[in-house]
Amino acid sequence: MGELLADHTTLRLGGPAHRLLTHTDPATGPDLARTVAGEDTAPFLLGGANNTLADDAGYPGTVIRMATRGATVRPLGDDLVEVVAQAGEPLSALAAFAVDQRLSGIEYLGGIPGTTGAAPVQNTGAYGQQISDTLTRVTAFDWHLERIVELRAADCGFGYRASVFKSQPGRWTILDITVCLTRSSSAAPVAYQHLADSLAVGLGARPPLGRGRPSCDHRSQAARSRPAGCRP
């Protein structure tokens, strides 16, 4: 019997996987894909496993746990910066990293559990920000084409809590994402009364960037416009 999925899910549910592989090195993505290509049962991708209801019977195929970590920064000019984040990086850690680098655009996503690679699937959002506002491209393994592809934001079919990754489950495995952020010492304008109350500011205020990182007890679902200058 394989390793228990209960040991890798936050709800501590799930029987044994036939095989569990942990993906930690971004450079080995193609090799990992070739390892499971052609199996009778499609691989199951596991990220942070927040609220994952794994079956007590386990999984008859290969489970790939996405555990790649890290983010890199590339200045674009005019106060715009590209950040490339690995799929296994927790979204909260990416938001904290951006705040530490004085980069605005995803600070209100800091209280959302889960991984960065999972964020485009649901088009994760909170307090007027959603990942599609700043996302410019996704690197993914396309299981249909059996190769790594790059999808621009326009290719991702983003909508309210929607994307092509959600509507076509199993086709792509997200390896990393790129977001375009803005150098700023201030957070985005506060658009929700509950957030304004928790930060003790008025609606429309722009609190210091470090204060605009809400806890996951105070989340909201909405979108705002893409920052000018970012080219998806």
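For the structure, see preceding data.
Just so we're clear, the structure is a prediction, and the values are computed from it rather than from any experiment.

Regarding empty space enclosed by the protein
Okay, step 1: Under the defined criterion, the tally for this structure stands at one cavity of 30 Å³ or more.
Okay, step 2: Computed from the structure, the largest cavity encloses a volume of approximately 80 Å³.
Okay, step 3: In terms of lining residues, the largest cavity is bounded by His23, Gly29, Leu32, Ala33, Leu45, Ile64, Met66, Phe141, Trp143, Thr173 and Leu175.
Okay, step 4: Secondary-structure elements contributing two or more residues to the lining of the largest cavity are α1 (29-36), β3 (59-66) and β11 (172-183).

With respect to the pairing of strand β4 (residues 71-77)
Okay, step 1: Across six bridges, β4 lies against strand β5 (residues 80-86) in antiparallel orientation. Across the sheet, residue Gly77 finds its bridge partner in β5, namely Leu80.
Okay, step 2: Counted along the chain from β4 to the antiparallel partner β5, the turn is two residues long, and its residue Asp78 has a positive phi close to 55°.

Some remarks on the side chain of Ser184
Okay, step 1: Within the secondary structure layout, Ser184 lies in the loop between β11 and α6 (193-199).
Okay, step 2: Among the residues examined, Ser184 registers a relative accessible area of 18% and is labelled buried.
Okay, step 3: Not counting residues within four places of it along the chain, the set of residues in contact with Ser184 comprises Arg102, Leu103, Ser104, Arg206 and Leu209.

Thoughts on the sheet that holds strand β1 (residues 17-23)
Okay, step 1: Taken together, three strands build an open sheet; the order of strands is β1-β3-β2 and the sheet is parallel. Strands with a single pairing partner mark the edges of an open sheet, and in this sheet they are β1 and β2 (44-46). Each neighbouring strand pair of the sheet contributes to a mean axis angle of 25°, computed without reference to strand direction.
Okay, step 2: Relative to β3, β2 runs parallel, the two sharing three bridges. Within β3, the residue paired with Leu46 across the bridge is Arg65.
Okay, step 3: Across the sheet, α1 is in contact with β1 and β3; its angle to β1 comes to roughly 170°.

Some thoughts on α1
Okay, step 1: Along α1, the positions that sit buried rather than exposed are Gly29, Leu32, Ala33 and Val36. Within α1, the buried residues cover an arc of 100° as seen down the axis, which keeps them to one side.
Okay, step 2: As for α1, its buried residues are in contact with β1, β3 and β9 (135-142).
Okay, step 3: The first or second residue beyond α1 is Gly38, which carries a positive phi of 85°.

Describing the packing of aromatic side chains
Okay, step 1: One pass over the full model with this rule turns up five aromatic pairs.
Okay, step 2: When the ring of Phe44 is compared with that of Tyr59, the centres are 5.7 Å apart and the planes differ by 45°; the resulting orientation is tilted. Of this pair, Phe44 sits in strand β2 while Tyr59 sits in strand β3, placing them 15 residues apart in sequence.
Okay, step 3: Note on Phe165 and Trp172: the rings are 5.6 Å apart at their centroids and 80° apart in plane angle, and the pair reads as edge-to-face.
Okay, step 4: Using a relative accessible area of 16% as the deciding quantity, one classes Trp172 as buried.
Okay, step 5: Geometry around Tyr160 places Arg161 over its ring, the cationic atom sitting 4.6 Å from the centre.

Quick look at the pattern of salt bridges
Okay, step 1: This structure, assessed with the given rule, holds eight salt bridges.
Okay, step 2: One salt bridge connects Arg137 with Glu150, and the closest N-O pair in it is separated by 3.7 Å. Here Arg137 is found in strand β9, whereas its partner Glu150 is found in strand β10 (residues 147-152), with 13 residues between them in sequence.
Okay, step 3: The class for Glu150 is partly exposed, based on a relative accessible area of 48%.
Okay, step 4: It is possible to trace a salt-bridge network through shared partners that takes in Arg74, Glu82, Arg137, Glu150 and Arg152.

Definitions and limits used
- Residues numbered from 1 in each chain as written.
- Predicted model: local features only at pLDDT ≥ 70, side-chain atom pairs only at ≥ 80, totals over all residues.
- Heavy atoms only, no water.
- 1 Å grid on protein atoms, 1.4 Å probe; cavity = no way out; pocket = protein on both sides within 12 Å on 5 of 7 lines; lining within 4 Å.
- Points joined across faces, edges and corners; volume = space filled by probe spheres on them.
- Helix = DSSP H or I, 4+ residues; strand = E, 2+ residues; numbered from the N terminus.
- Pairing = 2+ DSSP bridges.
- Buried < 20%, exposed > 50% of the residue type's maximum accessible area, 1.4 Å probe, protein only.
- Contact = heavy atoms within 4.5 Å.
- Axes fitted to C-alpha atoms, helices over the stretch in contact; angles between N-to-C directions.
- Arc of directions from axis to C-beta.
- Phe/Tyr/Trp six-rings, centres within 6.5 Å; stacked < 30°, edge-to-face > 60°.
- Lys NZ or Arg CZ within 6 Å of the ring centre and 35° of its normal.
- Salt bridge = Lys/Arg side-chain N within 4 Å of Asp/Glu carboxyl O.

Coordinates in, geometry out; function isn't part of it.
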